[in-house]
Amino acid sequence: MRKGLLFTAASVALASSLAACSDSSSGDSDSGSGSGSGSGSGAKPKIGVILPDSKSSARWETADRKYLSEAFKAAGVDFDIQNAQADKQEFQTIADQMITSGVNVLVIVNLDSGTGKAVLDKAKKQGVATIDYDRLTLGGSAQYYVSFDNTEVGKLQGEGLSKCLSDMKAKKPIVATLNGSPTDNNATLLAAGYNGVLDPKYKSGDYVKGPDQSVPDWDSAEASTIFEQMLTSEPKIGGVLAANDTLGNAAIAVLRKQNRNGEVPVTGQDATVQALQHILAGDQCMTVYKAVKKEADATAKLAVSLAKAEKGETNATVEDPEGKRKVPSVLETPVAIYKDNVKDVVDDGYVTKGQLCKGKYAALCAQAGIK
């Protein structure tokens, strides 16, 4: 796996986020406009965004599209948000269409660094400013990168699994690892974070290192098959480091078939409704909450600045080891979520009580102080 990226604090702090307005659009394509100011050349800014899929995580459609749309509308710029649905050819086609349509700025969440680099380089040749959103394109040419500190996300996952195993008084548990997609640099960073916590435990003999495998494209069906094979080869798995909630849910479903859900702590990230319900029910140990609104607002702020030929404000730099360059970045801070602070995600507005507390989860929500 590639070495993790190096994070260096910059002297400029991130300015206040754009105000948001309501928009509930969904689907594979979303566009809109507002009545705000135009670009430095007199032309109204137009921003294109390419999201990766709907399958690897629900957040892309339920959160990122919503918050980006709100921020662009608040800024009064034209925008076009489309989803490539994990299709690399479609990703390139969408980018070509957006560039032809006259976008000033292109924001992408790459499907892999190769595809992302081709799109970014084409945009650069056409004079279109670019931003890597959530995933850094290794060897790419994006002018800015906006994400969370993904090594810290992984660290929180490793610490979370350790906490849950300690709370269960587990003795020398065998820990299985479901890593993210090998083509996603974020998965590399996550692994650097959680392995930094778990490797010393393996070395000391406190934990036993069990099956460890990456899941192509963060695919839930692949994760289920992989984890079933893990349990077959090592039936006494006592903990699962799952790199996100989609992979965590796949592991939980397999454990449920064996009536072992709740007995084996499982991690995740993204704070999906399903994961939060699993946590309330005791089937999932923890997740990591990434306040997508902050990420989306920071991206919109940068995009609008670039569209107006202005310099964007950042709070960090990230080193691209393949491109051998430092990328000006905005990095937001992740938060570990356990049963006792699920309420914080609801209070922050990321999920609603109505979404989370349906049916059998109503009583569990009440016990967790979600009112």
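See the structure shown above.
Quick notes on the rules
Each residue is numbered by its place in its chain's sequence as written, counting from 1. Since the coordinates come from a predicted model, pLDDT governs what is reported: local features require at least 70, and pairs of side-chain atoms require 80 or more to be given and counted, while whole-chain, interface and lining totals use all residues. The basis for every side-chain value is the complete set of heavy atoms in the structure, and neither hydrogens nor water enter the calculation. By this definition, two strands are paired if DSSP reports at least two bridges between them. Only DSSP runs of H or I covering at least 4 residues are called helices, and only runs of E covering at least 2 are called strands; the numbering of each starts at the N terminus. Here, axes are lines fitted to C-alpha atoms. For helices the fit covers the stretch in contact, and angles between N-to-C directions go from 0 to 180 degrees. Salt bridge, as applied in this entry: a Lys or Arg side-chain nitrogen positioned within 4 Å of an Asp or Glu carboxyl oxygen. Working definition: with a 1.4 Å probe on protein chains only, accessible area under 20% of the residue-type maximum means buried, over 50% means exposed, and in between means partly exposed. The disulfide criterion used throughout: a pair of cysteine sulfur atoms within 2.5 Å.

Colleague: For this particular structure, what's the right way to read the sheet that holds strand β8 (residues 174-179)?
Modeller: By definition, the strands of a sheet pair up through backbone hydrogen bonds, in either a parallel or an antiparallel sense. Spatial ordering of the open sheet is given by β9-β8-β10, a layout of 3 strands whose pairing is parallel. One side of each edge strand has no neighbouring strand; the edge strands of this open sheet are β9 (208-214) and β10 (237-242). Between one strand axis and the next, the sheet turns through 20° on average, direction left out of account. Pairing analysis gives 5 bridges linking β8 to β9, with the strands arranged parallel.

Colleague: What is the right way to read the pattern of salt bridges from this model?
Modeller: Between side chains of opposite charge, pairing is possible as soon as their charged atoms come close. Counted according to the given criterion, the structure contains 19 salt bridges. With a closest N to O distance of 2.9 Å, Glu295 and Arg59 form a salt bridge. Of this pair, Glu295 sits in helix α9 (residues 292-307) while Arg59 sits in helix α1 (residues 59-75), and the two are 236 residues apart along the sequence. Of the two residues examined, Glu295 and Arg59, each falls in the buried class. A salt bridge links Glu228 to Lys257; the nearest nitrogen and oxygen atoms lie 3.3 Å apart. Taken together, the positions of Glu228 in helix α6 (residues 220-233) and Lys257 in helix α7 (residues 245-257) put the pair 29 residues apart, joining distant regions of the chain. Of the residues examined, Glu228 reaches a relative accessible area of 33% and is grouped as partly exposed.

Colleague: Before we go on, may I ask you to explain the pairing of strand β5 (residues 105-108) in this structure?
Modeller: Residues in a regular strand point their side chains to alternate faces of the sheet. Going residue by residue along β5, you find Val105 and Val107 tucked away on one face and Leu106 and Ile108 tucked away on the opposite face as well. Where strand β3 (residues 46-51) and β5 come together, 4 bridges link them in parallel fashion. Opposite Ile47, over in β5, you have Val105 as the bridge partner. Relative to strand β6 (residues 129-133), β5 runs parallel, the two sharing 4 bridges. When the sheet's bridge partners are listed, Leu106 is paired in β6 with Thr130.

Colleague: What should I look at first to understand the state of the cysteines in this one?
Modeller: Simply put, disulfide is the name for a covalent bond between the sulfur atoms of two cysteines. Under the counting rule described, the total for this entry stands at 2 disulfides. Here Cys357 engages in a disulfide with Cys365; their sulfurs sit 2.1 Å apart. The sign of the S-S torsion, about -95°, decides the handedness of the disulfide formed by Cys357 and Cys365: left-handed. Under the relative-accessibility criterion, Cys357 is labelled buried at 11%. Once the disulfide-bonded cysteines of the chain are ranked by sequence position, their pairing pattern turns out to be 1-2, 3-4.

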